[in-house]
Structure formats: structure tokens, C-alpha cells
Amino acid sequence: MIDIQLTDAPLSLDTCYQYVLSEDAGGLVTFVGTVRNQTKGKRVLRLEFEAYAPMAIKEMQKIAEEAVRRWPVLKISIHHRVGVLAIGEVPVIIAVACAHRKAAFEACQFAIDTLKETVPIWKKEFFEDGEVWVAAHP
């Protein structure tokens with residue numbers, strides 16, 4: 001019912017999709033976060049993500065459990081990547097399956113919003129003129 005991964009390997013939307021796929025689900029919603037090429041008008045060259053893994057995994061599990069408690073979630077997958085990522089690469093994927101679309105959308109939005117607020121993951125943005133650590137999930 002719950003699939004949590006924190007990894008330095010590339011993430012797969014198909015893996016998350018296949019995990020949550022269910023004949024009981026009428027709504028399957030995915031969120032895919034990608035590394036964009038600019039922040040506040042500055043050109044981004046790449047990002048580096050770091051996490052306190054034991055706590056990050058625990059917090060991601062809590063988010064999934066809360067989504068299951070609040071909505072009729074059949075299955076949920078939350079994957080986050082750490083390490084150096086290039087423009088266009090995927091640092092986070094969330095997939096949620098519910099019997100109905102509204103619940104799937106709400107649970108997925110809850111999961112990404114809460115992940116950004118509570119999971120101890122940090123990112124370093126690399127620019128042409130320097131680098132800066134920022135909260136990946138402010």
C-alpha cells in the first residue's frame with residue numbers, strides 16, 4: 001500500500017505508476033518534480049540534494065500514512081533522489097491511486113506540500129557565479 005524510496009539512482013515514473021496501478025482505482029495522480037534551469041532569474045547549472053536519510057524516510061512514511069488516513073488511498077508511492085542532478089532530471093515523484101479522482105488529487109497535493117515542509121532534504125544550487133545551500137522544501 002505504501003512505497004517509500006530515498007535513493008541516489010535516477011527515479012522512474014513508470015516504477016511509481018506501476019506500483020500504484022490498481023483495478024480498484026478510478027483516479028491515479030502523479031507529481032513529478034524536475035530540476036529547472038533558473039531560480040529568481042539566475043541561470044542554474046545543476047542541483048545537489050542531501051538528506052538525513054533515517055529521518056527523511058521516516059517523515060516520508062508518516063506523510064504516506066497520513067494521506068491513507070485522510071483519504072481513501074489505495075496505494076501511494078513517494079520517491080526522492082539525492083546527489084547531483086542536471087537540468088531536467090527528476091528529484092521527486094509522488095503517485096497516488098484512489099477510487100475517485102478528487103481524493104487522488106487532494107492526497108497527492110497533500111503529500112508534496114507536506115514533504116516540502118517536513119522532510120529533512122536540502123539542496124545546493126549551482127550558478128555561473130557561485131553556489132548556495134537552500135531548503136529544498138521550504
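Rules behind the numbers
Residue positions are given per chain, counting from 1 as you read along its sequence in written order. Owing to the predicted nature of the model, reporting of local features is limited to residues with pLDDT of at least 70; listing and counting of side-chain atom pairs is limited to 80 or more, with chain, interface and lining totals taken over all residues. Side-chain calculation: all heavy atoms of the structure are included, whereas hydrogens and water are not. Stacked, edge-to-face and tilted labels apply to pairs of Phe, Tyr and Trp rings (six-membered ring for Trp) whose centres lie within 6.5 Å, assigned for plane angles under 30 degrees, over 60, and everything in between, in that order. Helix and strand assignments follow DSSP, with helices taken as H or I runs no shorter than four residues and strands as E runs no shorter than two, numbered in order from the N terminus. Think of it as a cone above the ring: NZ of Lys or CZ of Arg counts as a charge over the ring if it is within 6 Å of the ring centre and within 35 degrees of the ring normal. Think of it in three bands: with a 1.4 Å probe and only protein chains considered, a residue is buried below 20% of the maximum accessible area for its type, exposed above 50%, and partly exposed in between. A pair is scored as a salt bridge if a Lys or Arg side-chain nitrogen falls within 4 Å of a carboxyl oxygen belonging to Asp or Glu. Between any two strands, at least two bridges found by DSSP are needed for them to pair.

Asks: Give me the packing of aromatic side chains: which residues, what numbers.
Replies: A complete count under the given rule lists one aromatic pair for this structure. A ring pair is formed by Trp-71 and Phe-110, whose centres lie 5.4 Å apart and whose planes are at 50°; its orientation type is tilted. Residue Trp-71 is found in the loop between α2 (53–70) and β5 (73–81), and its partner Phe-110 is found in helix α3 (residues 101–118); the two are separated by 39 residues along the sequence. Over the ring of Phe-126 we find Arg-46, and its NZ or CZ is 3.9 Å from the ring centre. The cationic tip of Lys-75 hangs over the ring face of Tyr-19; the distance from NZ or CZ to the ring centre is 5.7 Å.

Asks: So what's going on with unusual backbone geometry? Which residues, and what values?
Replies: Most peptide bonds take the trans form, and the phi angle of most residues other than glycine is negative. Phi at Lys-40 takes a positive value of approximately 50°, unusual for a residue other than glycine. Along the polypeptide, Lys-40 turns up in the loop between β3 (38–39) and β4 (42–51). Classification of Lys-40 by relative accessible area gives exposed; the value is 82%.

Asks: Can you explain the pattern of salt bridges? Please cite residues and give values.
Replies: Enumeration according to the criterion identifies eight salt bridges in this entry. The salt bridge involving Lys-102 is made with Glu-106; its shortest N-O contact spans 4.0 Å. Separated by four residues within a single helix, Lys-102 and Glu-106 lie in helix α3, roughly one turn from each other. A relative accessible area of 60% means that Lys-102 is categorised as exposed. For Glu-106, a relative accessible area of 34% puts it in the partly exposed group. Among the ionic pairs, Glu-125 bridges to Lys-123, the shortest N-O distance being 3.9 Å.

Asks: Please provide a residue-by-residue account of the pairing of strand β8 (residues 121–127), values included.
Replies: Two faces belong to every sheet, and in a regular strand the side chains alternate between them. Of all seven residues in β8, six are buried, a share of seventy percent or more. In the sheet, β4 pairs with β8 via seven bridges, with the strands oriented antiparallel. If you follow Val-44 over to β8, its bridge partner there is Phe-127.

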